[in-house]
Amino acid sequence: MSQGEIPGRHESLWTATTPRTNFPALDGDLRVDTAVVGGGIVGVTAALHCAEAGREVALLESGRIVEGVTGKTTAKVTAQHGLRYADLLDQHGRGAARDYADANSAAIEEVARRVEDHDIDCDFERLPAYTYAADEDQREQVEREAEVAESLGLPASFVEDPPFPRDAPSAVKFAEQAQFHPRKYLLDLADRIPGERSHVFEETKVTGVEDGGDDAPCEVETERGTVTAENVVVATHFPIEDPAFYFARQHPKRSYVLAVRLAEEPPRGMFYRDAEPYFSVRPHPTDDGTLTLIGGQNHKTGKGGSTAERYRKLVEQARDHFEVESVEHRWSTQDYVTADKIPFVGELGPGYENVYGATGFAGWGMTNGTAAGMLLADLASDGTRPWAETFDPQRFDPGASGAKLVSENADAGAQFARDWATVALSADTDELAPGEGEVVRRGGKPLAVSRDEDGEIHAVSAVCTHMKCLVRWNDGEESWDCPCHGSRFSVDGEVLDGPAVEDLPGRGG
Ligand SMILES: Cc1cc2nc3c(=O)[nH]c(=O)nc-3n(C[C@H](O)[C@H](O)[C@H](O)COP(=O)(O)OP(=O)(O)OC[C@H]3O[C@@H](n4cnc5c(N)ncnc54)[C@H](O)[C@@H]3O)c2cc1C
Ligand code: FES
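A quick note: this is a predicted structure, and the numbers were derived from the prediction, not measured. (Residues numbered from 1 in each chain as written. Chains lettered and ligands numbered in written order. Predicted model: local features only at pLDDT ≥ 70, side-chain atom pairs only at ≥ 80, totals over all residues. Heavy atoms only, no water.)

Visitor: Go over the site of ligand 1, please, and point to the residues and values.
Guide: In the region of ligand 1, 34 residues are neighbours, and E61, T70, K76, D335 and M366 sit closest. The contact in question runs from a nitrogen atom of ligand 1 to an N or O atom on the side chain of T73, over 3.0 Å. Between T74 and ligand 1, the recorded distance is 3.0 Å, taken from a backbone N or O atom to a nitrogen atom. Listing elements by their share of the shell around ligand 1, those giving two or more residues are α2 (41-52), β11 (250-262), β15 (324-338) and α9 (365-380). In terms of residue class, the shell around ligand 1 is made up of 13 nonpolar, 17 polar and four charged. Of the domains in this structure, domain 1 (13-73 + 184-247 + 341-399) and domain 2 (123-179 + 251-338) are the two that each give at least three residues to the shell around ligand 1. (Near = heavy atom within 4 Å. Polar contact = N/O pair within 3.5 Å; in protein donor to acceptor, adjacent residues only side chain to side chain. Helix = DSSP H or I, 4+ residues; strand = E, 2+ residues; numbered from the N terminus. Nonpolar A, V, L, I, M, F, W, Y, C, P; charged D, E, K, R; others polar. Domains from an automatic or database assignment.)

Shown next as structure tokens:
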């Protein structure tokens, strides 16, 4: 299968199997103790923790909650993040590696506790997680990972015969990890936030956050009024305010997921191959039998060619491993990877002492994001967590991240120059087929032109509103993606992913 229609409904299993939420929009100005911006796993977790700590909270979501990255995850709830711990130990030392292990283990237990205490029906299940060796050459690395992880207190062991794939020479196994349905879990949490003192507002886009410093409260500007708060949690995946140069300290990793029905029983456990590209497998129970989630085909956003082709390759990979009866769903999303592999969680940056943020979960935000929500809620309530220093966004360890940081930026700079020099001088957009898009130069200005499935032409500026790189067509999602720092825009120019916060001008043309 190289061309043609990609099988499967183009929607995540999580949004397709839960109702849409319907929280009210903000209606005028409001004063609360803590404003939380963004209703993904970080925002919902932080807002509920704050409300439970007795704070008056407003959770502000631009669209509908849990439809962002969290609504498109694979939803493994595990402290096993590929082959991560030996690296953390070597680069950051035992203290930081232990903090990372502790935070992510605490997050699993937090989810398990809530599921049990509130009797949340969210397909939560304990399962072992395996990261298997891609080949014999990776054996030593896998063996060391198991040793290091065990020494950090994780339930890790080295196994010679993992249940999947058949030819895997070895794996590191973490016992007692978990998986769930992220929307069923988080919609239950979100329903517990509103009350006399706290609120969830949807369709309320935040346009700016100002820290009042020692003397004045913070001001959160929205399109529907101003929220005044003692402190603010920015949980917008990529922070909508960037006082700490987050755009240069992390890169966006896009990847793809299929929910397939197999002719056989899927293997018991959650599986991961830590290679480029990664490959991920896990079962998920539904009323209609067990589906298998297959993930992978990662690449930097805006780079790496046709994204429709990524879906096709993933279907081929699924068929190489299993007898696939049908592809039920397919979806994709992106997460940011920090240069030193540790997320940024804490005070947002210089001049933002009462504003906190979290980003950079590297594809492991179910636990990292839960831990972040807990830590941010504590910081907003004058508390802290033992692992706070390790995750501090204002850390800078040149040894661990400096070289990577320089190369990320050089990469973005070169991209900028190359694309501006080579953009087509003109092109016949009449020839665009439905689902196609192209950047062309019109009157000296680069224009992003696409044709939708109904044959209608859309044209917006092709100049990314973040730092002026040229966007590229994403044929799998029909969006405009920026190769420099990963911003994404709809065909009518609306921001889908940051760091850009402003839409591409010329919407709806
Ligand atoms: C393909 C893929 C698979 C993954 N699988 C796993 C997995 O198996 N296990 C795991 O641990 N992690 C996984 N991850 C990572 C995990 O899904 C993410 O790290 C996590 O969901 C990020 O959550 P978040 O709350 O930061 O962001 P989001 O869920 O995106 O939430 C941010 C919210 O902020 C809102 N927002 C943005 N701007 C504004 C604004 N101006 N005003 C108001 N609201 C705003 C958005 O609409 C959104 O709802 C995966 C990632 C990818 C890409
Ligand atoms: S995301 Fe930075 S220039 Fe586009």
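Visitor: How would you summarise the sheet that holds strand β22 (residues 479-481) if you had to cite specific residues and measurements?
Guide: The strand order across the open sheet built from four strands is β21-β22-β23-β24, with neighbouring strands paired in antiparallel fashion. With partners counted over all chains shown, the strands left at the sheet margins are β21 (472-474) and β24 (495-497), one partner each. Where β21 meets β22, three bridges bridge the pair, whose relative direction is antiparallel. Bridge assignment links R472 to a residue of β22, and that residue is D481. (Pairing = 2+ DSSP bridges.)

Visitor: I'd love a proper account of the side chain of R330, names of residues and values included.
Guide: Mapped onto the elements, R330 comes out in strand β15. For the buried R330, which has no salt bridge, the nearest side chain bearing the opposite charge is E477, at an N-O separation of 5.5 Å. (Buried < 20%, exposed > 50% of the residue type's maximum accessible area, 1.4 Å probe, protein only. Lys, Arg positive; Asp, Glu negative; His and termini not counted. Salt bridge = Lys/Arg side-chain N within 4 Å of Asp/Glu carboxyl O.)

Visitor: Quick one: what's the story with the sheet that holds strand β18 (residues 437-442), residue by residue and with numbers?
Guide: Spatially, the three strands line up as an open sheet ordered β18-β19-β20, and their pairing is antiparallel. Each edge of the open sheet carries a strand with a single partner, namely β18 and β20 (457-461). Ignoring strand direction, the axes of neighbouring strands in this sheet form an average angle of 30 degrees. Judged from the six bridges that link them, β18 and strand β19 (residues 445-451) form a sheet pairing that is antiparallel. Within β19, the position partnered with R441 by the bridge is P446. (Axes fitted to C-alpha atoms, helices over the stretch in contact; angles between N-to-C directions.)

Visitor: Describe the pairing of strand β2 (residues 57-60), listing the residues and the values that go with them.
Guide: Here β2 shows two buried faces, one formed by V57 and L59 and the other by A58 and L60. In this sheet, strand β7 (residues 199-201) lies alongside β2 in parallel orientation, the contact comprising three bridges. Note that in β7 the partner of L59 across the bridge is V200.

Visitor: Please give an account of helix α3 (residues 85-92) that cites residues and values.
Guide: Since one α-helical turn is 3.6 residues long, residues separated by three or four positions face the same way. Three or more residues of α3 are buried, namely Y85, A86, L88 and L89. All buried residues of α3 project into a common sector of 165 degrees when viewed along the axis, lining one side. Buried residues in α3 make contact with α4 (94-117), α5 (139-151) and β6 (171-179). Directly after α3, the chain includes G93, whose backbone phi takes a positive value near 95 degrees. (Arc of directions from axis to C-beta. Contact = heavy atoms within 4.5 Å.)

Visitor: Any details on unusual backbone geometry? Residues and values, ideally.
Guide: Cis peptide bonds are those with omega within 30 degrees of zero, and the linkage from E276 to P277 qualifies with -5 degrees. Of note, P277 is situated in the loop between β12 (270-273) and β13 (279-286). Of the consecutive residues G498 and P499, the connecting peptide bond is found in the cis state with omega at 15 degrees. Mapped onto the fold, P499 is located in the segment after β24. At V66, a position not held by glycine, the phi torsion is positive, near 55 degrees. Mapping V66 onto the fold places it in the loop between β2 and β3 (76-77).

Visitor: How would you summarise the state of the cysteines if you had to cite specific residues and measurements?
Guide: In the structure shown here, the tally under the stated rule is one disulfide. We note that C50 lacks a disulfide partner, and the nearest cysteine sulfur, in C218, lies 13 Å from it. (Disulfide = S-S within 2.5 Å.)

Visitor: I'd love a proper account of the packing of α2 against helix α6 (residues 182-191), names of residues and values included.
Guide: One way to put it is that α2 packs onto α6 with a least axis distance of 9 Å and a crossing angle of 35 degrees. Regarding α2 and α6, the two cross each other, and that crossing is left-handed. Across the interface between the two elements, I41, V44, T45 and L48 from α2 touch L186, L189 and A190 from α6. Residues of the contact of α2 with α6, tallied by class, amount to six nonpolar, one polar and no charged. (Left-handed = near helix turned anticlockwise from the far one by under 90°.)

Visitor: How would you summarise the pattern of salt bridges if you had to cite specific residues and measurements?
Guide: The tally for this structure, following the rule as stated, stands at 24 salt bridges. For R197, the salt bridge goes to D33, with nearest N and O atoms at 3.9 Å. Separated by 164 residues along the polypeptide, R197 in the loop between α6 and β7 and D33 in strand β1 (residues 30-37) bring together distant segments of the chain. Across the salt bridge formed by D90 and R144, the nearest N and O atoms sit 3.0 Å from each other. Placement of D90 in helix α3 and of R144 in helix α5 is noted, with a sequence separation of 54 residues between them. A residue is classified by how much of its surface remains accessible, and D90, at 52% relative accessible area, is exposed.

Visitor: Summarise α4; cite the residues concerned and give the values.
Guide: With 24 residues, α4 ought to run about 34 Å at 1.5 Å a step, and its terminal C-alpha atoms sit 34 Å apart, in line with that. D119 occupies a position one or two residues after α4 and carries a positive phi of about 55 degrees. (Expected span 1.5 Å × (residues − 1).)

Visitor: Got a sec to walk through the packing of α3 against α5? Specific residues and values, please.
Guide: Packing of α3 against α5 brings their axes to within 8 Å, and their N-to-C directions diverge by 70 degrees. Between α3 and α5, the crossing angle belongs to the class labelled roughly perpendicular. Packed against α3, whose contacting residues are Y85, A86, L89 and D90, the element α5 presents R144, E145, V148 and A149 at the interface. Considering only residue class, the contact of α3 with α5 consists of five nonpolar, no polar and three charged. (Parallel < 35°, antiparallel > 145°, perpendicular 65-115°, else oblique.)

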